[in-house]
Amino acid sequence: MKLKQLSPTDLRERLCDAGIWLRTGPFSLRICSSIPSVAEGLTDLYGQFEVRDQRDSFADFHVSVNSPSLLRRWIRPQVDFVFDGQLPFKPLPLDQAYPMLEWGLNWCVSMHAHQYLIIHAAVVEKNGRAAILPAPPGSGKSTLTAALILSGWRLLSDELTLIDRKTGLIHPLPRPVSLKNQSIPVIRAFSGDKAFINRPSHDTAKGTVAHMRPPKESVRRQHEPAQPAWVIFPEWVAGAATELAPRSAAQTFMFLAQNAFNYSHLGADGFRVGTQLIGQVDCYDFAYSQLDEAVRAFDQLADTPPQLRAV
Amino acid sequence: MRQANFLLARTLRTPDMTTRFSLTQWDLLVRQARQAGLLARLQDRLSQQALLETIPQPVRWHFDAAATLAHKQQIAVRWELGQIRAALDGLDCPLVVLKGAAYVAANLPAASGRLFNDIDILVPRRLLNQAEAALMLAGWNATGLSPYDERYYRRWMHEIPPMQHLHRATVIDVHHAILPDTARYFPDPQKLLSRIVPAGDDMPGVYVLSAEDRILHSATHLFHDGELPHGLRDLTDLDLLLRHESAAPHFWPRLMARADELQLGRSLFYALRYAQHFLDTPVPAKVWEDLRSVTPGRIVMRLMDSIYSRSLAPAHASCNDTFSPLARQAAYIRAHWLRMPAYLLIPHLFHKAFISPYLDNNTPKPA
Amino acid sequence: MRFQLKQYDSEAVIFDSASGDTHYLAPLALTLFQLYGEFPGLPRNDLLNVLARHSIEPGLPLDTQIDEALDGLRKAGLLRHE
């Protein structure tokens, strides 16, 4: 059953009570919350995801977003993210309850899912090949990711690239895409107002934050892993010409190792998986200033047949 | 005393009961084990009993991921011990490792499936300053404690404040005794040092406490250190140490004699009692007789049972009852009372409760 | 085997299984690592001759570049002490 088949009242009731069981990519979640904006966010953004009955179930992560105390429900209201009885973060203002859920879910995965090498990067796929987009905050990665998935690319993930240690394939986790500040109007315009972006939260540590609903097709295919083909470092520079420039494989490896959440936890296997990945991909720096040109450049890449690689 | 009956305890005692688990039971087990820091150890137990393949597919990765972490940490501890040995090369004493790192150094069963926070070493008091200086030279520095906490460590505790390495972020606790000077009991560190043994051929220059002393230290640590976030895990250490050593001839009489000599009989009594309660650790009947002189009276015993049956359980909602918060607090206070006299204890607890923030925001360590 | 090396063109990455550290080797450092691996205790003059025939990097004099690269390798624990 899909989440959208639950009435909003039913959803809210369950969230306040035993919680809802939800599947996102390889992970099952049990979410509890009595905060209205959380119920609203789930209704708006998770309609296509599978929900299940509570009875005889196993959930990978038990999480809740709730007020820390009765007092804090009314006076400078705050919310806590709770992971099975533990509080990994300080409380946040009530207005940020929904993004806090998203950040908390990212934390759960990056702290625990060591069956994957987890790289802090977006990843999208077209024609059976995946492009990994690592980038420091503020580089426009999320805007580019959003534009690509609005233009026919499949969303695999906007934050956490999961590389299966056994197969080297990328496992999708197509949760809502987070957009910040200027990205929000830019993507709205780019999509001709067709993309669904939820109500923004303001004054967060990252500024104004909102989330975009993942494409239906991406969610439908959330259990289909993909072959990595490119690692592309995007950088938006005002007025820049669209340019794809080859990049050192060794230095790309080092960057990924330093920007993976759990590279060092995996020991020698982290090195093995990382070098195997680099051996399968072409590495590029990508400069752009026009979103539609950027998308065209990516499309061109996807349409170029893969070259044979020396093993 | 009836045995602990929350799911994790029952599973540790009888791992093959998992073959009959529903998904809901697996769900609860994983959560209790994670809270207790025992996921990796449970994986190890299931693996030893050839039960890994019977874990349902959606559940399995939690155990494998924990095992990955534990395996990596063992490698890291070994490396770190080598670095420490090099740093303390000039010191006129052997490098003696305590607790978890010692289990790794000596290749004991108690090392497997274990996660490590810090590395604990024992240094004679007269060499403490020199050791601290040598470690600082090699990149370890006292961690950012408040001035109050730092004074507390230096004056009253049996260790200098934890030192963290600049690059590797590993933490060393340098002890000069296993209990503070102010404690009610004083196990002479010189006696401990006189019986140290080499860790093994693959760890030259590294020493550990003798088998009996390791066990007594584990028991003492449980009942004298205030923090019990991993009480059950520490009990499993003790359980593994005992099962491994008790095969040796005359082990129990030697252990009793040593406990007596070091004045640690009562800690040992409690440790054995609760190891049996949670983990069914085999203890010969004669041992209880020999410990009669340190066995508390019925009333005190009942009180201790109600405190420790709760405070040693994992701090997970499913393992708690109404009295658990009080029990944990009582255990904390008792441990501190054993370490410090009352006139020092009250200001200290006041400070901890109201001045240092109570809710610390350290990320919980994955199991 | 303690070290695992993966080469990409003239650069490489190397994993130290004892310490768990991963290092990047720029072209000169990689060459030195491989040369010393094949010929431990290679005299400096012979080394300069070998390298001078293959221009590595412009800029600083070769001697200085070699010293810096060796220093980096030593700090990373990749060279046995000569």
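Quick notes on the rules
- Residues numbered from 1 in each chain as written.
- Chains lettered and ligands numbered in written order.
- Predicted model: local features only at pLDDT ≥ 70, side-chain atom pairs only at ≥ 80, totals over all residues.
- Helix = DSSP H or I, 4+ residues; strand = E, 2+ residues; numbered from the N terminus.
- Contact = placed C-beta atoms within 7 Å.
- Core = buried A, V, L, I, M, F, W, Y, C linked by C-beta atoms within 7 Å.
- Buried ≥ 20, exposed ≤ 12 C-beta atoms within 10 Å, placed from the backbone.
- Domains from an automatic or database assignment.
- Pairing = 2+ DSSP bridges.
- Axes fitted to C-alpha atoms, helices over the stretch in contact; angles between N-to-C directions.
- Nonpolar A, V, L, I, M, F, W, Y, C, P; charged D, E, K, R; others polar.
- pLDDT = per-residue confidence, 0-100.
- Parallel < 35°, antiparallel > 145°, perpendicular 65-115°, else oblique.

K.L.:
What's the story with the overall build of chain C in this structure? I'm lost.
P.N.:
A tally of regular secondary structure across chain C gives three helices and three strands. In chain C, the proportion of contacts linking residues at least 24 apart, taken out of those at least 6 apart, comes to 38%.

K.L.:
Help me out: how do you make sense of the nonpolar core in this one?
P.N.:
Among soluble globular proteins, nonpolar side chains are generally buried collectively. The biggest cluster of nonpolar side chains holds 205 residues, and the ones touching the most others in it are A:V123, A:V124, A:A131, B:V97, B:A105, B:I121 and B:A271. Broken down by element, the residue count for this core peaks at 11 residues, all from helix α4 (residues 57-87) of chain B. For this core, the domains that each give at least three residues are domain 1 (3-112) and domain 2 (116-303) of chain A. If near-sequence neighbours (up to four positions away) are discounted, A:V124 is found in contact with A:A130, A:A131, A:T145, A:L148, A:I149, A:W153, A:R154, A:L155 and A:L156.

K.L.:
How should I be thinking about the sheet that holds strand β12 (residues 177-180) of chain A in this particular structure?
P.N.:
The strands making up a sheet are joined through hydrogen bonds of the backbone, oriented either antiparallel or parallel. Residue and element names in this part refer to chain A. Strand order in the open sheet formed by three strands is β12-β14-β13, and the pairing between neighbours is antiparallel. Looking along the sheet, the strands with just one partner apiece sit at the ends: β12 and β13 (201-204). Going across the sheet, the axis of each strand differs from the next one's by a mean of 35°, ignoring polarity. With two bridges connecting them, β13 and strand β14 (residues 207-212) associate as antiparallel partners.

K.L.:
Please explain the interface of chain A and chain B as it appears in this structure.
P.N.:
By convention, interface size is frequently given as the accessible area that disappears when the constituent parts associate. Each partner contributes residues to the interface: chain A has 19 residues there, and chain B has 22 residues. Here the side of chain A that touches chain B is built from residues that sort into six nonpolar, 10 polar and three charged.

K.L.:
Just to check I follow, could you spell out helix α2 (residues 36-45) of chain A for this structure?
P.N.:
Each α-helix winds once per 3.6 residues, and so residues spaced three or four apart point in a common direction. Looking at α2(A), one finds that the buried residues are A:S37, A:V38, A:A39, A:G41, A:L42 and A:L45. Where α2(A) is buried, its residues touch α1 (8-16), β2 (27-33), β4 (61-66), α4 (97-112) and β14 of chain A.

K.L.:
Looking at this structure, how should I read the environment of C:I66?
P.N.:
All names here are of chain C. Looking at the secondary structure, you find I66 in helix α3 (residues 62-75). With 20 C-beta atoms counted inside 10 Å, the residue I66 sits in the buried group. Once the C-alpha coordinates of I66 and L32 are considered, the two residues, 34 residues apart in sequence, prove to be 8.1 Å apart.

K.L.:
Would you mind showing me how to read the confidence of the model for chain C here?
P.N.:
Low pLDDT marks regions whose predicted coordinates should not be analysed in detail. For chain C, per-residue confidence averages 84 on the pLDDT scale, and 89% of positions sit at 70 or higher. Model confidence for the complex is summarised by a pTM of 0.89, with the ipTM given as 0.93.

K.L.:
How should I be thinking about the domain arrangement of chain A in this particular structure?
P.N.:
All names here are of chain A. Its domain assignment divides chain A into domain 1 (3-112) and domain 2 (116-303). Elements with a contribution of two residues or more to the side of domain 1 that touches domain 2: α2 and α4. A total of six residues in the side of domain 1 that touches domain 2 trace back to one element, the largest contributor, which is α4.

K.L.:
Would you mind going over the sheet that holds strand β3 (residues 50-52) of chain A with me for this structure?
P.N.:
All names here are of chain A. If you trace the six strands from one edge of the open sheet to the other, you get β3-β1-β2-β4-β5-β6, paired in mixed fashion. Each edge of the sheet is formed by a strand with only one pairing partner; in this case those strands are β3 and β6 (92-93). Across five bridges, the pairing between strand β1 (residues 20-24) and β2 is antiparallel. Looking at β2, one finds that I20 is bridged to I31.

K.L.:
Please explain the environment of B:L216 as it appears in this structure.
P.N.:
Residues and elements named next belong to chain B. Counting through the fold element by element, L216 comes out in helix α9 (residues 211-224). Expressed as a C-alpha distance, the spacing of L216 and L268, which sit 52 residues apart in the sequence, is 6.4 Å. Beyond its immediate sequence surroundings of up to four residues, L216 is in contact with R258, A259, L262, L264 and L268.

K.L.:
Teacher, can you tell me more about the packing of helix α10 (residues 231-245) of chain B against helix α12 (residues 265-279) of chain B here?
P.N.:
When two helices pack together, their arrangement is given by the angle between the helix axes and the distance between those axes. Residues and elements named next belong to chain B. Put simply, α10 and α12 touch, their axes get as near as 10 Å, and they point 100° apart. Regarding the angle of α10 to α12, the classification is roughly perpendicular. Counted together, L232, L235, T236, L238 and D239 of α10 and A271, Y274, A275, F278 and L279 of α12 form the full contact between these two elements. Of the residues assigned to the contact of α10 with α12, the class counts are eight nonpolar, one polar and one charged.

K.L.:
I keep staring at unusual backbone geometry and nothing clicks. Help me out?
P.N.:
A negative phi angle is the norm for most residues apart from glycine, just as the trans form is the norm for most peptide bonds. All names here are of chain A. Here the phi dihedral of N181 falls at roughly 45°; this positive angle occurs in a residue that is not glycine. In this structure, N181 sits in the loop between β12 and α6 (183-190). Classification of N181 by C-beta neighbours within 10 Å gives partly exposed; the count is 15.

K.L.:
What exactly am I supposed to notice about the packing of α2(A) against α4(A) here?
P.N.:
Two numbers describe how α2(A) lies on α4(A): the axes approach to 8 Å, and their chain directions differ by 65°. Counted together, A:S37, A:V38 and A:G41 of α2(A) and A:A97, A:Y98 and A:L101 of α4(A) form the full contact between these two elements.

K.L.:
When you look at the environment of A:L6 in this model, what are you seeing that I'm missing?
P.N.:
All names here are of chain A. Among the secondary structure elements, L6 is positioned in the segment before α1. Measuring from C-alpha to C-alpha, the distance between L6 and N181 comes to 32 Å, with 175 residues separating the pair along the chain. Excluding anything up to four places from it in sequence, L6 contacts L11 and V51.

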